[in-house]
Amino acid sequence: MALGSILKIFLPKDKVFYNLFEQVAKNLVQMSDMFGSAINERDLSKRDVILKRLEEMEHKNDEVTHEIFIQLGQNFITPLDREDIHALATSLDDIADYLWGASKRIVNYEVEDTYGALVSFAEIISKSVKAIAVAINSLRDMKNLEAITRSCVTVNSLENDGDDLLDNTMLKLFASQKSAVEIIKHKDIVQMLETVTDKCEDVANVIESIIIKYA
Amino acid sequence: MALGSILKIFLPKDKVFYNLFEQVAKNLVQMSDMFGSAINERDLSKRDVILKRLEEMEHKNDEVTHEIFIQLGQNFITPLDREDIHALATSLDDIADYLWGASKRIVNYEVEDTYGALVSFAEIISKSVKAIAVAINSLRDMKNLEAITRSCVTVNSLENDGDDLLDNTMLKLFASQKSAVEIIKHKDIVQMLETVTDKCEDVANVIESIIIKYA
Amino acid sequence: MALGSILKIFLPKDKVFYNLFEQVAKNLVQMSDMFGSAINERDLSKRDVILKRLEEMEHKNDEVTHEIFIQLGQNFITPLDREDIHALATSLDDIADYLWGASKRIVNYEVEDTYGALVSFAEIISKSVKAIAVAINSLRDMKNLEAITRSCVTVNSLENDGDDLLDNTMLKLFASQKSAVEIIKHKDIVQMLETVTDKCEDVANVIESIIIKYA
């Protein structure tokens, strides 16, 4: 580890990984924006058309993630530790996976946003993904470590908001929803959206562990 | 990491780990075959007798996995990176755990395969575990990297099939099953079977990250 | 890795990490004791007052965990491998998170301990956390490896007990509880308590992988 860090000082950094991570971050921002506009659409059939479009964005994300792994195999020298690149790519990919998973279930289960929970989750996820994009875009030069740290703190705080939102939504569901089947459907979806905020926190943790080494 | 890779070229490889991983792979194939023959058994009491036999196979698997960890403690030089051996053993063990967990719930909840979902999951899991066995058996000499890569791609594709199967099964359940309690039981089981395919994908990812280093 | 291990023999060990880990272990023992006394309280409103106090203990734990990460950034030489310190801190933190998560749900869902499952889980978790504390307290000098190993075996065995307890509780729930909504609530809580025992096992696995390197 120490030896690797010393070597890195003398070796040119490879820009390809930063380019790819920035592409993933940009894609995630677009996905969360699209998710938000879908959830704010009152016409449910229009909503579902938008939600279904997240699938192709998730596939696009898979391809960039795959490209990161291919580059990892071809580049003997990497600008970050190999395991950090792997962990960052995997955790970013999880965000796209779970956001698409939740979107699919909203369409499949024909769920309405009775408690406003979906709108609130869309806002939390959008803020969280944008904070991640700021952090990712600052990784390249590592000059603005304070901005990266601030973004990670924001993501952690939004994960707490997601936790509280899940708790409150479940309380409302149990208090007002008579149908156990409807509870099962809504629970499945809001838990999955809360998992999206967990996955955002995982990304923030990976980024924090990266900048710890370079600070 | 680089230093470790260079050292490995000059040191004799230790065969014990490959032997143990091949044993685990063989055991997993047997478990998935036994699961398949149980699920295809129409007599539910006969089915449950077969399903319960998966417990001893899961215990047997635990023992081999434990042996891998003991060997990891005793061998200063390992043929693969220590963390890769650990990750591979752990993720393979997860497959056995979740397959036994799902089997136990099928017995406990006295669930019938109303939608044919269990038969379909048994097929997907069997194919996935067999692809993993091919990849594991090719790890020893690393000569046929293409076969390993192809197996990993197969596992990834089968995980997608598992995802779709879960979605379709839930749609059928919500459309036709009136009893919320029955939905809870079936959901628990099919989610666990889908998790088996996720765990197979985790194994494929570990294997891919291993061959990236040796390619 | 090998180089790192050799270096460590010649370098003074840093005590700060052991101090922090021992603080976390002590805090977890207090949390599990408090959880146990809450669950054994027959007056549900008194029970809930105690359960809510776990939140501040969870926050306190977050702070110590955060301090570990800060120290990890400031100490170039660490007494254990950096990734082991990170994995140990993260997995210990998960125990506190899930125990507080389950406590919160017991309060929110106004659940009674109909089947005695909560009392039994409190006992298992308390034993498991205490075994972890023994192992953590022995990490500092690595003299009593046998005590560490024995503690880890205990934690693994208690995780199996947690698994069986979950299964039996679900069987009782499905057999006697008519309300699907009540099943959903109880299932959520007992699954989360079983996850606490899983997280304890994760900690034991991290500790075992650490002592493998130092044995």
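Residues numbered from 1 in each chain as written. Chains lettered and ligands numbered in written order. Predicted model: local features only at pLDDT ≥ 70, side-chain atom pairs only at ≥ 80, totals over all residues.

A.B. asks: A description of the overall build of chain A should follow, citing residues and the corresponding values.
C.D. replies: For chain A, the count of helices and strands is eight helices and zero strands. For 215 residues, the compact-globule estimate of 2.2 N^0.38 gives 17 Å, and chain A sits close to it at 19 Å. Along the three orthogonal principal directions, the C-alpha set of chain A runs to about 65 × 30 × 25 Å. The buried share of chain A, taken over its 215 residues, is 38%. (Helix = DSSP H or I, 4+ residues; strand = E, 2+ residues; numbered from the N terminus. Rg over C-alpha atoms; globule rule 2.2 N^0.38 Å. Buried ≥ 20, exposed ≤ 12 C-beta atoms within 10 Å, placed from the backbone.)

A.B. asks: Before we move on, can you summarise the packing of helix H6 (residues 117-139) of chain C against helix H7 (residues 145-176) of chain C with the specific residues and values?
C.D. replies: Residue and element names in this part refer to chain C. It is at 9 Å that the axes of H6 and H7 come closest, and there the two elements cross at 165 degrees. Classified by the angle their axes make, H6 and H7 are roughly antiparallel. Between H6 and H7 the crossing geometry is left-handed. Residues Ala 117, Ser 120, Phe 121, Ile 124, Lys 127, Ser 128, Ala 131, Ile 132, Val 134, Ala 135 and Ser 138 of H6 lie in contact with H7, whose contacting residues are Ala 147, Ile 148, Ser 151, Cys 152, Thr 154, Val 155, Leu 158, Asp 161, Gly 162, Leu 165 and Thr 169. Class assignment for the residues of the contact of H6 with H7 results in 13 nonpolar, seven polar and two charged. (Axes fitted to C-alpha atoms, helices over the stretch in contact; angles between N-to-C directions. Parallel < 35°, antiparallel > 145°, perpendicular 65-115°, else oblique. Left-handed = near helix turned anticlockwise from the far one by under 90°. Contact = placed C-beta atoms within 7 Å. Nonpolar A, V, L, I, M, F, W, Y, C, P; charged D, E, K, R; others polar.)

A.B. asks: Talk me through the relation of the copies chain C and chain A; I want residue IDs and the actual numbers.
C.D. replies: If you rotate chain C by 120 degrees and push it 0.0 Å along the axis, it lands on chain A with an RMSD of 0.0 Å. Both chain copies can therefore be described as sitting about a three-fold axis. Within chain C, the C-alpha atom positioned nearest to the axis of rotation is that of Ala180(C), 3.5 Å from it. (Least-squares fit on C-alpha atoms with pLDDT ≥ 70 in both.)

A.B. asks: Residue-level account of the interface of chain C and chain A, with values.
C.D. replies: With 13 residues of chain C at the interface, the matching set in chain A holds twelve residues. Elements that contribute at least two residues to the side of chain C that touches chain A include exactly helix H1 (2-10), helix H4 (54-74), helix H5 (82-108) and helix H8 (180-214) of chain C. Sort the elements by how many residues they give to the side of chain C that touches chain A and H5(C) lands first, with four residues.

A.B. asks: I'd like to hear about unusual backbone geometry, residue by residue, with values.
C.D. replies: One non-glycine residue with positive phi stands out, namely Met142(A), at about 55 degrees. Secondary-structure assignment places Met142(A) in the loop between helix H6 (117-139) and helix H7 (145-176). Looking at Met142(A), the number of C-beta atoms within 10 Å reads 15, which means it is partly exposed. Although it is not a glycine, Glu110(C) sits at a positive phi angle of roughly 50 degrees. Within the element layout of this structure, Glu110(C) appears in the loop between H5 and H6.

A.B. asks: Lay out the confidence of the model for chain A in plain terms, naming residues and giving numbers.
C.D. replies: Close inspection of predicted coordinates is inappropriate in any region flagged by low pLDDT. Residue and element names in this part refer to chain A. When pLDDT is averaged along chain A, the result is 91, and 93% of the positions lie at 70 or above. Confidence over residues 1-12 falls short of pLDDT 50; this stretch has eight contacts with residues more than four positions distant or in other chains. Interface confidence for the predicted complex, given as ipTM, is 0.86, next to a pTM of 0.89. (pLDDT = per-residue confidence, 0-100.)

A.B. asks: Any details on the interface of chain B and chain A? Residues and values, ideally.
C.D. replies: In this assembly, twelve residues from chain B lie in contact with 13 residues from chain A. For the side of chain B that touches chain A, the elements supplying multiple residues, two or more each, are helix H7 (145-176) and helix H8 (180-214) of chain B. Of the residues forming the side of chain B that touches chain A, the biggest block, six residues, is contributed by H8(B).

A.B. asks: An account of the environment of Lys187(A) is needed here, citing residue identities and associated values.
C.D. replies: Residue and element names in this part refer to chain A. As for its position among the elements, Lys 187 is in helix H8 (residues 180-214). The partly exposed category is assigned to Lys 187, around which 18 C-beta atoms lie within 10 Å. Separated by 21 residues in sequence, Lys 187 and Leu 166 place their C-alpha atoms 8.7 Å apart. In this structure Lys 187 touches Met 170 and Leu 173, once residues within four positions along its chain are discounted.

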